[in-house]
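# Overview (structure and organization)
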Amino acid sequence: MDRCLLRHCLCTYVLSSNTRALRGTSRTIASRQHIPVASRGDVEYCRQLVLKNDYDNYLVSLFSPKHAREAAWGIRAMNIELVRAGEITTNATAARMRYSYWHDTVNRLYSTNPVQTPISRVVHDSVQQFGISRTWLRRLVSERENALDLNVFKTTADVETYGERAYACMIHPHLEVLGVRDMHADNAARAIGVAMAIMNFTRSLPLLLSRGRCDLPRDLIEKHRVDLDDLFNRPRSTPELQEAVYDFATKGYTRLCGVAEIYLPSSPKPALPALLAAVPVKEWLERLERANFDPFDKRLQRRSLRVLWRLWVASRKGTWLNESNFHK
């Protein structure tokens, strides 16, 4: 199959309704006077949890200032626990009880009496010191809870909406801790969230198919005539599945190109460490392309040694867009 994500995406990014040519604004969030309640052991607990379960974003965090790095570990650790809450039980009622606990935890982050766990203490300190908006953390919990009712995503647009809400909610607080409240940076975060959702849904296909589940949107399944019953019985790559994955991945890659070409140049420079979350996504989608869009290719399940190098280059250049890739 002769496909190239980069060639396909060149000059195809079209501004959506939320990308109008509005004047962006940014302001620095002053650090508040706050006596930390988290110990160094709490911070280390969050760091180890992210290192073990979200390695790529752990690498991303290393390019942030110390205070933002620790805040990012707390929020990422919270997300890991939220994902686990929906996975460790098949009983929806039990899962909702766990999410109810997290709703209460988020509310108490904005009081003087946080829930006494390492993650909540670390996030509490970030909330109190840097004024992280309650919206993002509430949405992070509610979107994970709402996913319990989503047996399938009907359209690609549904996946994009989920990415903008569930995945971008980990980037918005990072921006705020960095002192950035800016329209262009927020648009970039939403687009990166979409690409992250597409990458994670694609990367998890081999495991989910073995469990009789598929997170590819139904419009792509029908468009490319993917036989899910056959794949549930015998999980493997098929030409139809690869075509659907190509279509899906292209949408994610196009979002990343749009971020680098449109939003990143207009965003405040302090926003870059948070927006570097796009780099591991871009790297994985390019590896998927080299694997001919076969999600079962074993090379895709391994960590890439190039991610850290690409993060360093992007942090130095101020962008992750490599023009030479467009002419493979």
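## Considering the overall build of the protein chain
When helices and strands are counted, the protein chain shows 17 helices and zero strands. A burial count over the protein chain gives 54% of its 328 residues as buried. Surface accessibility of the protein chain: about 15,400 Å² in total, with carbon and sulfur atoms responsible for 50%.

## A short note on the confidence of the model for the protein chain
The predicted model of the protein chain averages 87 in pLDDT, with 88% of residues at 70 or higher. Taken together, the stretch residues 6–30 has pLDDT below 50 and engages in 48 contacts with residues farther than four places along the chain or on a different chain. Across residues 323–328, confidence stays below pLDDT 50; counting only partners more than four residues off in sequence or on other chains, it has eleven contacts.

## Structural notes on unusual backbone geometry
In the Ramachandran plot, arginine 225 falls in the positive-phi region, its phi being about 55° despite a non-glycine side chain. For arginine 225, the position within the fold is in the loop between α12 (218–223) and α13 (228–233).

## Brief notes about the packing of aromatic side chains
On inspection of all chains with the given rule, the structure shows eight aromatic pairs. Each ring, one from tyrosine 162 and one from tyrosine 167, has its centre 6.1 Å from the other, and the planes form 80°; the classification is edge-to-face. Residues tyrosine 162 and tyrosine 167 agree in their burial class; the two are buried. Cation over ring: arginine 144 sits above tyrosine 167, and NZ or CZ is 5.1 Å from the ring centre. Between the NZ or CZ atom of arginine 303 and the centre of the ring of tyrosine 55, over which it lies, the distance is 3.9 Å.

## As for the environment of tyrosine 58
In this structure, tyrosine 58 sits in helix α3 (residues 55–61). What makes tyrosine 58 buried here is its relative accessible area of 10%. Leave out the neighbours within four places in its chain, and tyrosine 58 touches Arg47, Val50, Leu51 and Trp73.

## Quick notes on the packing of helix α8 (residues 156–167) against helix α10 (residues 183–203)
As a packed pair, α8 and α10 sit with axes 7 Å apart at the nearest point and diverge in direction by 110°. As judged from the angle between their axes, α8 and α10 are roughly perpendicular. You can see that α8 and α10 cross each other, and the crossing is right-handed. For the pair α8 and α10, contact is made by Val159, Glu160, Tyr162, Gly163, Glu164 and Tyr167 and by Arg190, Gly193, Val194, Met196, Ala197, Ile198, Asn200 and Phe201, respectively. In the contact of α8 with α10, the residues fall into eight nonpolar, three polar and three charged.

## Considering α10
With 21 residues, α10 extends 30 Å between its outermost C-alpha atoms, agreeing within 8% with the 30 Å of an ideal straight helix rising 1.5 Å per residue. Summarising burial for α10: 16 of the 21 residues are buried, a large majority. You can read the cap of α10 off the contacts: a side-chain oxygen lies 2.9 Å from the backbone nitrogen of histidine 184, and it is on aspartate 182.

Cut-off values and rules
- Residues numbered from 1 in each chain as written.
- Predicted model: local features only at pLDDT ≥ 70, side-chain atom pairs only at ≥ 80, totals over all residues.
- Heavy atoms only, no water.
- Helix = DSSP H or I, 4+ residues; strand = E, 2+ residues; numbered from the N terminus.
- Buried < 20%, exposed > 50% of the residue type's maximum accessible area, 1.4 Å probe, protein only.
- Areas by Shrake-Rupley, 256 points an atom, 1.4 Å probe, with all protein chains shown as cover.
- pLDDT = per-residue confidence, 0-100.
- Contact = heavy atoms within 4.5 Å.
- Phe/Tyr/Trp six-rings, centres within 6.5 Å; stacked < 30°, edge-to-face > 60°.
- Lys NZ or Arg CZ within 6 Å of the ring centre and 35° of its normal.
- Axes fitted to C-alpha atoms, helices over the stretch in contact; angles between N-to-C directions.
- Parallel < 35°, antiparallel > 145°, perpendicular 65-115°, else oblique.
- Left-handed = near helix turned anticlockwise from the far one by under 90°.
- Nonpolar A, V, L, I, M, F, W, Y, C, P; charged D, E, K, R; others polar.
- Expected span 1.5 Å × (residues − 1).
- Polar contact = N/O pair within 3.5 Å; in protein donor to acceptor, adjacent residues only side chain to side chain.

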